[in-house]
Amino acid sequence: MYVAFIPVRGGSKSIPLKNIKEFCGKPLVYWTVKAAQDSLKIDKVYVATDSELIMNAVESFEFDKVEVISRSAESATDTASTESVMLEFAHKFEFDNIILIQATSPLLTGEDLDKGIEIFEQPEVDSVLSTVRQKRFCWQSVGNFTKPINYDFNTRPRRQEFDGYLVENGAFYIISRELLLEKRCRLAGNIKAVEMSEDTFYEIDELSDWIIMEELMKRRIKNEQKENIPNIKLFLTDSDGCLTDGGMYYSESGDELKKFNTRDGMGFSLMRKAGILTGIVTGENVSMVKRRADKLKLDFCECGIKDKLACVMQICNKNKISMKNVAYVGDDINDLRLIESVGFGCCVNNADDKIKQRAKYITKKNGGEGAVREVIDLILQYQR
């Protein structure tokens, strides 16, 4: 049995509450927890923390393999070693092998973990650590002078001919429970390395690391979006909180008012020119939403809908469109089932946290501020 163990504490000094600080739209710890959840070989994921805020954040992810447990105050101090909390865990829980994962490595993936486990299962391997291959020439001070460590400057190799060396990137380590308890260390015996991609070289310890890794993650997400956005034939959105800011405004005579964004309107026009059907599916049943849909010349306007998923499935059946070719933008829990069921389920930046955990894309803009146009532009960019 393989268990992943992710120790996180609330007392980070360099970046306060670092582990739940938003990183590319989600708490930092989310990314490594998701990697462990996505692993095909990990049976159970334990997140050990001394912080109630972190505990609540991780539980909100609602991953089925994940359990949040407490760690002692002694193992969460600035001077406590990671081994101390690993040993604390190993004395309380039964398992065969443990994968220590550090939350400061958000570029970790489930595939990386599975590759590491495959290496761990090779004959005579006792422990595994994650590494990155570097091709730089290293020097060291020797007395009053400097000497090379890993090459001969008289015959300087070309980069493509240089094997380089492995650098421990701190993403994860694998060892058996038995050996951990015996040696009291995350690595022991015959150690073998698993190589990860070059962009995983950094760990987030300082703010400068955060800036670099967030840019790297944004690039990765953008590339994944390009691959994951299906051929959209039907684009739908909620109204309140997506096309509007979710506010309720009233005139002096008591009439309800809503503020729509003109950029969203232009987005629908671009969708129509691209031959994509468009519509609104909302739980509201107010005439101004229907008037807005008519003005925008939308193909569908379904108001007062209690079961949005059933409604969209009916639209798809009538128009012979697969649900995987549907994009939907929502913001609240009544959108959850639909966001999970369509090919490209999206939400606005100020959506409910549960929706943000399930959405394939979270807009940078809030609802009513051009968020729907942002999704439209993204779809059209990749479908061209």
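Small disclaimer: the values here were computed from a predicted structure and weren't measured. (Residues numbered from 1 in each chain as written. Predicted model: local features only at pLDDT ≥ 70, side-chain atom pairs only at ≥ 80, totals over all residues. Heavy atoms only, no water.)

**Comments concerning the overall build of the protein**
Inclusion rule: Segments assigned H or I by DSSP are reported as helices when at least four residues long, segments assigned E as strands when at least two residues long, and all are numbered from the N terminus. Accessible area is worked out with a 1.4 Å probe on protein chains only. A residue is then buried under 20% of its type maximum, exposed over 50%, and partly exposed in between. The contact definition used throughout considers only heavy atoms, calling two residues in contact when any of these lie within 4.5 Å. Per-residue and other accessible areas were derived by the Shrake-Rupley procedure at a 1.4 Å probe size, with only the shown protein chains allowed to occlude residues. Counting rule applied: Lys, Arg positive; Asp, Glu negative; His and chain ends not counted. In plain terms, the charge of a residue is placed at NZ if it is Lys, CZ if Arg, CG if Asp and CD if Glu.
Along the protein, the regular secondary structure elements total twelve helices and 19 strands. Overall, the protein is about 85 × 55 × 40 Å in size when its C-alpha atoms are taken along their principal axes. Across the 384 residues that make up the protein, the buried fraction comes to 51%. Of the contacts made within the protein by residues no fewer than 6 positions apart, 65% connect residues no fewer than 24 positions apart. By element, 47% of the accessible surface of the protein is carried by carbon and sulfur atoms, the whole surface being about 19,400 Å². Taken together, the 54 basic and 60 acidic charged side chains of the protein have centroids lying 7 Å from each other.

**Some thoughts on the sheet that holds strand β7 (residues 127-134)**
Test applied: Two strands form a pair only when DSSP identifies at least two bridges running between them. Helix axes use the C-alpha atoms of the stretch in contact, all axes being lines fitted to C-alpha atoms, and the angles between their N-to-C directions lie in the range 0 to 180 degrees.
Strand order in the open sheet formed by seven strands is β5-β4-β1-β6-β10-β7-β11, and the pairing between neighbours is mixed. Every interior strand has two partners, whereas the edge strands, β5 (66-70) and β11 (191-195), have only one. The sheet shows a mean angle of 30° between the axes of neighbouring strands, taken without regard to direction. Sheet topology places strand β1 (residues 2-8) next to strand β4 (residues 44-49); six bridges connect them, and they run parallel. Bridge pairing in β4 links V3 to K44. Against the sheet, helix α2 (residues 52-59) engages β1, β4 and β5, with an angle of about 170° to β5. Contacts from helix α3 (residues 82-92) reach β1, β4, β5 and β6 (97-101), with the element oriented near 130° to β1.

**Examining the environment of S341**
Its location among the elements puts S341 in helix α10 (residues 336-341). Judged by relative accessible area, which is 34%, S341 ranks as partly exposed. Taking the C-alpha atoms as reference points, S341 and C311, separated by 30 residues in sequence, lie 12 Å from one another. In contact with S341, not counting residues within four places along its chain, are L309 and M323.

**Considering the confidence of the model for the protein**
The following threshold applies: Scored from 0 to 100, pLDDT reflects the predictor's confidence in each residue.
On average, residues of the protein carry a pLDDT of 91, and 96% of them reach 70 or more. Least confident of the elements in the protein is strand β13 (residues 249-250), whose mean pLDDT is 64; most confident is β6, at 98.

**Re the side chain of Q357**
Looking at the element boundaries, Q357 is found in helix α11 (residues 353-358). The exposure class assigned to Q357 is buried, which follows from its relative accessible area of 10%. Among all residues touching Q357, those that are not within four sequence positions of it are K26, P27, Y30, S60 and F61.

**A look at helix α4 (residues 110-120)**
With eight of eleven residues buried, α4 is to be regarded as a mostly interior element. The complete set of buried residues in α4 reads G110, D112, L113, D114, G116, I117, I119 and F120. Where α4 is buried, its residues meet β1, α1 (28-38), β6, β7, β10 (165-176) and β11.

**Digging into the layout of surface pockets**
Empty space among the atoms becomes visible once a probe the size of a water molecule is rolled across them. So the rule is basically this: Throughout, the protein atoms alone are placed on a 1 Å grid, and a set of points is a cavity if a 1.4 Å probe fits but cannot get out or a pocket if it is open with protein on both sides within 12 Å along at least five of seven lines; lining residues have an atom within 4 Å of a point. Grid points are joined across faces, edges and corners, and a volume is the space filled by probe spheres set on the points. Any residue outside Ala, Val, Leu, Ile, Met, Phe, Trp, Tyr, Cys, Pro, Asp, Glu, Lys and Arg is labelled polar, Gly included; the first ten of those are nonpolar and the last four are charged.
Within this model, the largest pocket holds a volume of roughly 1,200 Å³. Around the largest pocket, the lining is made up of 40 residues, and of these W31, I221, E224, Q225 and K360 lie nearest the centre. A total of ten residues in the lining of the largest pocket trace back to one element, the largest contributor, which is helix α6 (residues 207-228). Residues belonging to the lining of the largest pocket are distributed by class as follows: 16 nonpolar, nine polar and 15 charged. Roughly 470 Å³ of volume is contained in the second largest pocket. As for the second largest pocket, its lining consists of 22 residues, of which P7, R9, K18, T82 and Q102 are closest to the centre. In terms of residue class, the lining of the second largest pocket is made up of five nonpolar, ten polar and seven charged.

**Looking at the nonpolar core**
Heads up, the rule is: The term nonpolar core refers to a set of buried residues drawn from Ala, Val, Leu, Ile, Met, Phe, Trp, Tyr and Cys, joined through side-chain atoms within 4.5 Å.
Formed by 50 residues in total, the largest nonpolar core has its most connected members in F235 and F344. A total of eight residues in this core trace back to one element, the largest contributor, which is helix α12 (residues 371-383). The contacts of F235, once residues within four sequence positions are left out, are F268, M271, I276, L277, T278, G279, A327, V329, V372, V375, I376 and I379.

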